[in-house]
Structures are given as structure tokens and as C-alpha cells.
Amino acid sequence: MWRVLRKVSQIVREEMDATGAQECLLPQLQPAELWQESGRWDTYTKAEGIMFAFRDRQDRDVALGPTHEEVITTVAREMIRSYKQLPQHLYQIQSKFRDEIRPRFGLMRSREFIMKDGYSFHETAESLKETYAAMDQAYSNMFRRCGLDFVAVEADSGAIGGSGSQEFMVIADIGEDEIIYSPDEKYAANVEKAVSIPPEAIASPFERYEQRETPNTPTIATLAEFANCSPTAILKNVLYEAVYDTGLKILVLVSIRGDQDVNDVKLQNEISKLAPQFEANTVLAVDVPDADAQQKWAVKPLPLGYISPGLADDYIAKKEGIHPQFVRLVDQTAVDLKGFVTGADESGYHVFGANWGEQFELPKLVVDVRTAQAGDRAVHDPEQTLQVARGIEVGHIFQLGTKYSEAMGATFTNEAGKAQPFVMGCYGVGVSRLAQSAVEQRHDKDGIIWPVSIAPYHVVIVVPNINDAEAMAAAEKLYADCAAAGLEVLLDDRKERAGVKFKDAELIGIPYRVVTGRSLKQGKVEVVQRATKEAQELPLEVVVETLKGWVDEAIAR
Ligand code: ATP
Ligand code: MG
């Protein structure tokens, strides 16, 4: 695997260097001060924070870098003085540390992994866009050269921050990410970010407002069946609790059309936008409160499953650190509902025929927090029906803007002689995750089928019977000739049965296998292609040249 990682790194390096970016090496051990300056120390060390942080013997807080925006911004602040030095793009290939809650699938999500991370500095947004476009191209080149089947998708920018961002996804069923795409290939987005046109609502049959007893209908499905109406005539109200970096807890009530689901990432972004209103900087966590969590703030049992958008604020305890009113949000899908069915704030009861502006006040905060789904129509062309696929995120490119440079006071002198914050971009490739995703995408029941460009070796020469001196001599000569021709070659002369050697060669996925067996008598060897299992006999004189041709052709792709 180390040989594979070196090859992936080399492809990444070549594509980066071709854009004019410069390789460097930044410290993994980082002082807390830098993260306090950027305002990310708390987000990364508290609640669901993923940074390994600790105290040194001088009682200073330090951390192992999960990413390097803070370090590189400090370097730029100290070293780039003038617009004449811009743009700059520095990258490194190095181990990152993240205290993942659920590390899994080997290299796919580990707490120590290899990443290529690059950071660019610009005078203007236009200059950033040029580098961003060059990275889009460089990333596509890297993933193609690594033999991966991938797509570029619109992405959420998460805790890294900034405006535009794009992820590169390797299509695979075990992928942890869900991708929404249109068949015309004009739209693809991570579901965390995806937008779509929801299905049309079916008009509500309820014209008169009334409260009805609706026993055992805590879910939309049970209620729709009981009320004999479409879920699109129901208003669903979901309760969340959020904690800001100041420790303040707010209770958020989200109203959304019954057939739709709340997208946690979009919701977290909306709650994050409200932070200044509560004198906070960032939101640390957003959760659906379980019974224990409810007890910490609810003064009486909540009518769960029967909540209305007007749920009274007096459910909330008057306590320090808890905002005393519900923060009410309404999703776009619910704004135009008429005569809807919704909770009555009483267990076992709903109201029918309700309207905004009559029984319930429409929340001022109208947001898009719905989850786009397969079957929805595409925004760019409603004729297109969106589909879903699963993907493994192998790369992510961001237009950061001035988020870090402003927070950390990293400025340069512009042409007019004024101090101006750097416009920044950042670009990451999961080198070790990429290597494993190649395995996910290309394997069969017998093992790995490495793309030739990143295979640990190109050729394995198997000697079925090592006691056969002629076979050993032929194998050793082939081995030397392959190496001299620049092929990466393994010689399997272990004291094992031929069958074991063949199985191992397939398992570890070496693209071409050469067997010095019986046909040696006719001056031939057997050559087997791992991907297709196609076997052929080749005269000894042409073996090396044939293999070299195949390898060169495969790598050039
Ligand atoms: P994820 O959403 O999968 O946790 P991320 O969005 O947090 O990843 P980035 O900060 O964008 O990751 O990091 C850049 C790249 O590093 C990712 O695109 C991914 O390929 C890789 N990566 C991130 N976390 C891990 C990990 N725990 N193990 C292996 N590779 C990782
Ligand atoms: Mg990412």
C-alpha cells in the first residue's frame, strides 16, 4: 500500500506542479493561539470538534493539525507583503489528524491519514477564480490518471467556511455521501447542498378549521392515512436544540411540508447564520433532543408528534443559558400551504383546515432546509428527474474568500498602497482515501484490480516450480530485463505451491502475471491480465516489450 500511496502522491504532485503551485511542508503541531485568532479553536475542540488537542509541559494548548488554514495564513501574513508577490499557491502532502467519531473502513475514514492540502492567496476574487478553475482541471486529471470513475459535485462548505466549493466523488455503493444528479449531467450536488423542485402539493380537502381527536397518529404516514389526505396537506413541525460557542442553547422549531424531510446540514447553516443575533460566533451542535435532553429545559411534557407551529414558549424553563423563546423557521415548501393539517399541541389531537395568518403566524424566517430527493425535478430543467448515487469524497476545492485573512489580520499592500486582506482558496485531496476507493471501485471475488497507474507493481513473475532450474533461470532473466526496461516487477520464487502463488498474485492485484511454466519448452511463457483474466502464450523475446507497451498505454490514459 505504501507503494500505491507513493504513486498516488506522485500523480497529485505532478498535476499540482503543472499548475505552478509550490510544494512545501507545514508543521503538524500547531499552537492554540492561531486557532483562537481564526475563531475555530472552540468549534474544533468542543462538542463534536475533531481536533486532537492537548497541553504541553509549559501548560500551553497545542493541537495536531486536522487542516492548515491557520498555519498557512500566518505564513502568508508574515511573508507576503505586496500585491507584486501575488498570486501564490503552496501545497503539501502530509499526515493529518482528526478525532473522527466513527473511524471506519480502514483508510477510508481514519484518524490519521494522508492529505494533499493546498492554499492559494490572491489580490482579487477574479484571480482566485482562475486558480480555482485550474484546480478543478488538475483534480479531474489526477483522478482520471488514478483510474477512477468520479464526478465533480456542488458541495456544502462546512466548518472550513467560505463561499463556493466543489467535491470530487468516486462512485461506489459503500460511499458515505449521497449525490443527487440529473441524467443530462448538467447538475450534480452532494445531498447536503442539493436543491430541487419538490413535487406539486395536492390541495387540502379541509376547508373549515377544527380540532379533531386523531389517536395514534404521531407520524406523517399514520396521520395521512387517518385523515385520508396527502402528506402534502400536512404541516410537519420538528423540534431541534442547538448550542452556540458561547454555551447558549436555543430551541428551534422547523415547519416543513409533511412529505419533505429536514436536511441537517442546511439547517445547521441557517442556525449558524443566526449566531450574531445571539451574540455568538458559531454553532457547535444541532440535535433532535431526546427525553434526557428535553428534561434539561422543558418545564412540562412536550406534545411530541402533535406539535403545532405555534407551540407556546412557556414550555421552556426560564434558565440562564437557554433562550426563552422558540426560534421558529419555516421551509419554503410550507409557506403556500392552505387548509393544512398540523398538531394541536395536545397529545392525540390535530387541527384541520388551518391557515397561516389565521390560526398561526407565518414565521419571519423563511428558509430552504429541505432534503432534495430522487424523483424531484431539477431546477435548471424541470423535465429532468433527479437520481441518486453513492459516492466517496476524494477531493474538495473551496473558494474561501477573506474569512481567514480578515480574522487573522493577514493583509498585503495593494497597488494604491492600502492594506487589504488576502483573497484565499484551499484545495484538498484524500490521498490515502483515494487509494482505498480505487480498491472499492475495482475488485472482484479474487481480490484487487489495481489501475496500472497506481498498482504497487506492474508485473509479477511466478515460477510454479522453483526446483526447475530452467524455469528459474528464465524467470530471473525476465525479471532483470523487465527492471531494465523500467517496469516495476516482482519475482515470486517462494517455496509455495503454484496455486497459492496464482491466488496471491490475483489478491494483491498486480496487473500482469508472467508464468514460467510448461510452455518454456517451446520458448514461451504464459501472460495473464488481472482485470480480464485473459491468458496468452508469448515468445520469450517479445514478453518485455509487449508488457512495456501495455503498461505505457495504460498509464498514458
Ligand atoms: P468527510 O466529509 O468525509 O469527513 P471532510 O469534508 O471533512 O471529509 P475535507 O476537510 O474536505 O474533508 O478534507 C479533504 C479530503 O481529505 C477529503 O475530501 C477526503 O478525501 C479526505 N479525508 C477527510 N477526512 C478523512 C479521514 N478521516 N480519513 C481519510 N481521508 C479523509
Ligand atoms: Mg470535504
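Residues numbered from 1 in each chain as written. Chains lettered and ligands numbered in written order. Predicted model: local features only at pLDDT ≥ 70, side-chain atom pairs only at ≥ 80, totals over all residues. Heavy atoms only, no water.

### Quick word on the coordination of the magnesium ion (ligand 2)
And step 1. Binding of the magnesium ion (ligand 2) to the protein goes through Glu393 (OE) and His396 (ND1), at separations of 2.2 to 2.3 Å.
And step 2. Exposure remark for Glu393: the relative accessible area of 22% places this residue in the partly exposed category. (Donors = N, O, S within 2.8 Å, 3.2 Å for Na, K, Ca; no water. Buried < 20%, exposed > 50% of the residue type's maximum accessible area, 1.4 Å probe, protein only.)

### Some remarks on helix α12 (residues 469–484)
Residues three or four positions apart in an α-helix share a direction because the helix packs 3.6 residues into each turn.
And step 1. In this model α12 runs 22 Å from its N-terminal to its C-terminal C-alpha over 16 residues, within 8% of the 22 Å that 1.5 Å per residue would give.
And step 2. For α12, the complete set of buried residues consists of Ala471, Met472, Ala474, Ala475, Leu478 and Cys482. The buried side chains of α12 occupy one side of the element, clustering within an arc of 165° when seen end-on. Opposite the packed face of α12, turned more than 90 degrees from it, sit the exposed residues Ala469, Lys477 and Ala484.
And step 3. Contacts made by the buried residues of α12 are with β25 (459–462), β26 (489–492), β27 (512–515), β28 (524–529) and α14 (540–556).
And step 4. Of the residues that open α12, the one with a side-chain oxygen 3.0 Å from the backbone nitrogen of Glu470 is Asp468.
And step 5. Directly after α12, the chain includes Gly486, whose backbone phi takes a positive value near 90°. (Helix = DSSP H or I, 4+ residues; strand = E, 2+ residues; numbered from the N terminus. Expected span 1.5 Å × (residues − 1). Arc of directions from axis to C-beta. Contact = heavy atoms within 4.5 Å. Polar contact = N/O pair within 3.5 Å; in protein donor to acceptor, adjacent residues only side chain to side chain.)

### Some details on the nonpolar core
And step 1. Counting residues in hydrophobic clusters, the biggest one holds 38 residues, and the most contacted among them are Tyr139 and Phe143.
And step 2. Of all the secondary-structure elements, those providing two or more residues to this core are α1 (2–18), β5 (88–97), α5 (125–145), β8 (165–171), β19 (387–401), β22 (423–430) and α11 (431–441).
And step 3. The leading source of residues in this core is α5, at seven residues.
And step 4. No fewer than three residues from each of domain 1 (2–23 + 67–183 + 386–441) and domain 3 (450–556) sit in this core. (Core = buried A, V, L, I, M, F, W, Y, C linked by side-chain atoms within 4.5 Å. Domains from an automatic or database assignment.)

### Some points on the environment of Ala483
And step 1. Residue placement: Ala483 occurs in helix α12.
And step 2. Among the residues examined, Ala483 registers a relative accessible area of 42% and is labelled partly exposed.
And step 3. Sequence-wise, Ala483 and Val351 are 132 residues apart; in three dimensions their C-alpha atoms are separated by 79 Å.

### Side note on the packing of aromatic side chains
And step 1. For the structure shown, the criterion picks out 14 aromatic pairs.
And step 2. Arranged with centres 6.5 Å apart and planes meeting at 45°, the rings of Phe150 and Phe168 form a pair that is tilted. With Phe150 in strand β7 (residues 150–154) and Phe168 in strand β8, the pair connects residues that are 18 residues apart, well separated along the chain.
And step 3. Taking the relative accessible area as the measure of exposure, Phe168 reaches 0% and is therefore buried.
And step 4. Members of the aromatic cluster, connected to one another through ring pairs, are Tyr139, Phe143, Phe150 and Phe168.
And step 5. The residue whose ring lies beneath Arg212 is Phe352, and the NZ or CZ to ring-centre distance is 4.0 Å.
And step 6. Between the NZ or CZ atom of Lys300 and the centre of the ring of Tyr315, over which it lies, the distance is 4.5 Å. (Phe/Tyr/Trp six-rings, centres within 6.5 Å; stacked < 30°, edge-to-face > 60°. Lys NZ or Arg CZ within 6 Å of the ring centre and 35° of its normal.)

### Observations concerning the pattern of salt bridges
And step 1. Evaluation of the coordinates by the stated rule reveals 39 salt bridges.
And step 2. Among the ionic pairs, Arg377 bridges to Glu200, the shortest N-O distance being 3.9 Å. Of this pair, Arg377 sits in the loop between β18 (365–367) and β19 while Glu200 sits in the loop between β10 (188–190) and β11 (210–213); the two residues are 177 residues apart in sequence, bridging distant segments of the chain.
And step 3. Between Glu241 and Lys249 there is a salt bridge, and its shortest N-O distance comes to 3.7 Å. Comparing Glu241 with Lys249, the two get one shared label, buried.
And step 4. Among the charged side chains, a network of salt bridges with common partners joins Asp444, Lys445, Asp446, Arg530 and Lys533. (Salt bridge = Lys/Arg side-chain N within 4 Å of Asp/Glu carboxyl O.)

### So, the packing of α1 against α5
And step 1. For the pair α1 and α5, interaxial distance at closest approach is 9 Å and the crossing angle is 150°. In terms of axis orientation, α1 runs roughly antiparallel to α5. Where α1 crosses over α5, the handedness of that crossing is right-handed. Residues Ile11, Val12, Glu14, Glu15 and Met16 of α1 touch α5, and the partners they reach there are Met135, Ala138, Tyr139, Asn141, Met142 and Arg145. (Axes fitted to C-alpha atoms, helices over the stretch in contact; angles between N-to-C directions. Parallel < 35°, antiparallel > 145°, perpendicular 65-115°, else oblique. Left-handed = near helix turned anticlockwise from the far one by under 90°.)

### Focus on the domain arrangement of the protein
And step 1. Here the domain parsing of the protein yields domain 1 (2–23 + 67–183 + 386–441), domain 2 (210–367) and domain 3 (450–556).
And step 2. With centres defined by C-alpha atoms, the gap from domain 1 to domain 2 works out at 37 Å.

### Considering the site of ligand 1
And step 1. In the vicinity of ligand 1 there are 14 residues, among which Arg98, Glu100, Arg109, Ser110 and Glu393 approach most closely.
And step 2. At a separation of 2.9 Å, an oxygen atom of ligand 1 approaches a polar side-chain atom of Arg98.
And step 3. Val394 places a main-chain nitrogen or oxygen 3.3 Å from an oxygen atom of ligand 1.
And step 4. A total of 590 Å² of accessible area belongs to ligand 1 in isolation, and the protein chains cover 86% of it.
And step 5. Put simply, the parts of the chain that give the shell around ligand 1 at least two residues each are β6 (112–122) and β19.
And step 6. Here the shell around ligand 1 takes four residues from β19, the largest share from any one element.
And step 7. When the residues that make up the shell around ligand 1 are grouped by side-chain class, the tally is five nonpolar, four polar and five charged. (Near = heavy atom within 4 Å. Areas by Shrake-Rupley, 256 points an atom, 1.4 Å probe, with all protein chains shown as cover. Nonpolar A, V, L, I, M, F, W, Y, C, P; charged D, E, K, R; others polar.)

### A short note on the sheet that holds β26
And step 1. Pairing within the open sheet is mixed, and its five strands lie in the order β26-β25-β27-β28-β29. Every interior strand has two partners, whereas the edge strands, β26 and β29 (535–539), have only one. Each neighbouring strand pair of the sheet contributes to a mean axis angle of 25°, computed without reference to strand direction.
And step 2. Strand contacts of α14: β25, β27, β28 and β29, with the helix running at about 125° to β29, the strand carrying the most contacts. (Pairing = 2+ DSSP bridges.)

### A closer look at unusual backbone geometry
And step 1. Omega for the bond connecting Leu86 with Pro87 falls within 30 degrees of zero, at -5°, which places this linkage in the cis form.
And step 2. In this structure, Asn216 takes a positive phi of about 55° despite not being glycine.
And step 3. The topology assignment puts Asn216 in the loop between β11 and α6 (220–227).
And step 4. Not every positive phi belongs to a glycine, and Lys533 is a case in point at roughly 65°.
And step 5. Position of Lys533 among the secondary structure elements: in the loop between β28 and β29.

### Section: the side chain of Arg513
And step 1. Along the chain, the position of Arg513 falls in strand β27.
And step 2. For Arg513, a relative accessible area of 11% corresponds to the buried category.
And step 3. Beyond its immediate chain neighbours, meaning those up to four positions away, Arg513 contacts Val460, Val462, Phe502, Ala505, Glu506, Glu526, Val527 and Val528.

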